[in-house]
Amino acid sequence: VHDPLNYKINYELGLEYEKLGQGAGALSYFLRCAELCYEIDSDLAYECILKTWLQVHRTGRRPVFEQEQLMTALTFKPERPEAYYLLSVWHTDRQLWKPGYMYATLGCQANHNLPPLKSDVSYRGIHSNTFQKAFSSWWCGQREESRDLFKELYSIENLDPYFLKPTITNLIREDIIKVNHTP
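Note that this is a predicted model, so its numbers are computed, not measured.

For the structure on display, the rule yields nine aromatic pairs. Measuring from centroid to centroid gives 6.4 Å for F131 and F135, while their planes differ by 0°, and the two rings are stacked. Placement of the pair is F131 and F135 together in helix α7 (residues 128-139), with a separation of four residues, close to one helical turn. For F131, a relative accessible area of 8% puts it in the buried group. The exposure class of F135 is partly exposed, given its relative accessible area of 26%. Between the NZ or CZ atom of R143 and the centre of the ring of W138, over which it lies, the distance is 4.0 Å. Its end group placed over the ring of W138, R173 keeps NZ or CZ at 4.3 Å from the ring centre.

The subject of this paragraph is empty space enclosed by the protein. On inspection of all chains with the given rule, the structure shows one cavity of 30 Å³ or more. Residue composition of the lining of the largest cavity, grouped by class: four nonpolar, two polar and three charged.

Below, the discussion takes up the pattern of salt bridges. All chains considered together, the criterion is met by 14 salt bridges. Across the salt bridge formed by E145 and K133, the nearest N and O atoms sit 3.3 Å from each other. Here E145, found in helix α8 (residues 143-154), pairs with K133, found in helix α7; they are twelve residues apart in sequence, far enough to count as distant. By relative accessible area, which is 22% here, E145 ends up partly exposed. Between E144 and R147 there is a salt bridge; the shortest N-O distance is 3.2 Å. Highlighted residues: E144 and R147, both in helix α8, separated by three residues, approximately one helical turn. Relative accessible area serves as the criterion here: at 23%, R147 is assigned to the partly exposed category. Bridged by salt links that share partners, the residues D43, K77, E79, R80 and E82 form one connected network.

Cut-offs used in this document
- Position numbers for residues start from 1 in each chain and track the written sequence from start to end.
- pLDDT decides what is reported in this predicted model: residues at 70 or higher carry local features, side-chain atom pairs at 80 or more are listed and counted, and totals for whole chains, interfaces and linings draw on all residues regardless.
- Excluding hydrogens and water, the side-chain values take into account all heavy atoms of the structure.
- Centre distance within 6.5 Å is the pairing criterion for rings of Phe, Tyr and Trp, where only the six-membered ring of Trp is used; planes under 30 degrees apart are then read as stacked, over 60 as edge-to-face, and the remainder as tilted.
- Counting from the N terminus, the helices are the DSSP runs of H or I reaching at least four residues and the strands are the DSSP runs of E reaching at least two.
- Burial classification: accessible surface area is computed with a 1.4 Å probe over protein chains only, and a residue below 20% of its type maximum counts as buried, one above 50% as exposed, and the rest as partly exposed.
- Lysine and arginine charges are scored as sitting over a ring when NZ or CZ, respectively, is within 6 Å of the ring centre and within 35 degrees of the ring normal.
- Computed over the protein atoms alone on a 1 Å grid, cavities are sets of points where a 1.4 Å probe fits but cannot get out and pockets are open sets with protein on both sides within 12 Å along at least five of seven lines; a residue lines them when it has an atom within 4 Å of a point.
- Grid points are joined across faces, edges and corners, and a volume is the space filled by probe spheres set on the points.
- Classification used: nonpolar for Ala, Val, Leu, Ile, Met, Phe, Trp, Tyr, Cys and Pro, charged for Asp, Glu, Lys and Arg, polar for all others including Gly.
- We define a salt bridge as a side-chain nitrogen of Lys or Arg found within 4 Å of a carboxyl oxygen belonging to Asp or Glu.

This is the structure in structure tokens:
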């Protein structure tokens, strides 16, 4: 690397290492990019913090580090929705329903009119936190809220199939829609 202090080069190298499946190298470059650009390009620094989380998440071996990276991203850019969603998923994957519900609820209040991040950080778009809130609220005893949110999601035209299938499953389970239907 001819210019190791150029945050853009570090970001691009992180992306290339990520494409190659070299998570450790990618993490290193994303972390360096975040350290170099947090005062210049705070959105990119935030994205790079999430990218460091993603690299470790893919290994499945350091859950505490994963949670801490997501919390770092959240405190750095609390107005953005991505870290809330990912923290909600992190908690509900561990059946920690109340924190999962809390993060999803806060994520629904985040600013969804911000420009999207430049690369994939496993955030699935504007309906992500609503889905997480619908899912986790059921397990927190907020059954009516869960039903209402799943109905709201079901009514969205072109809902991401990742959310549509479990939304339909939950609405069928609650006898709100019938098994034989056309979405």
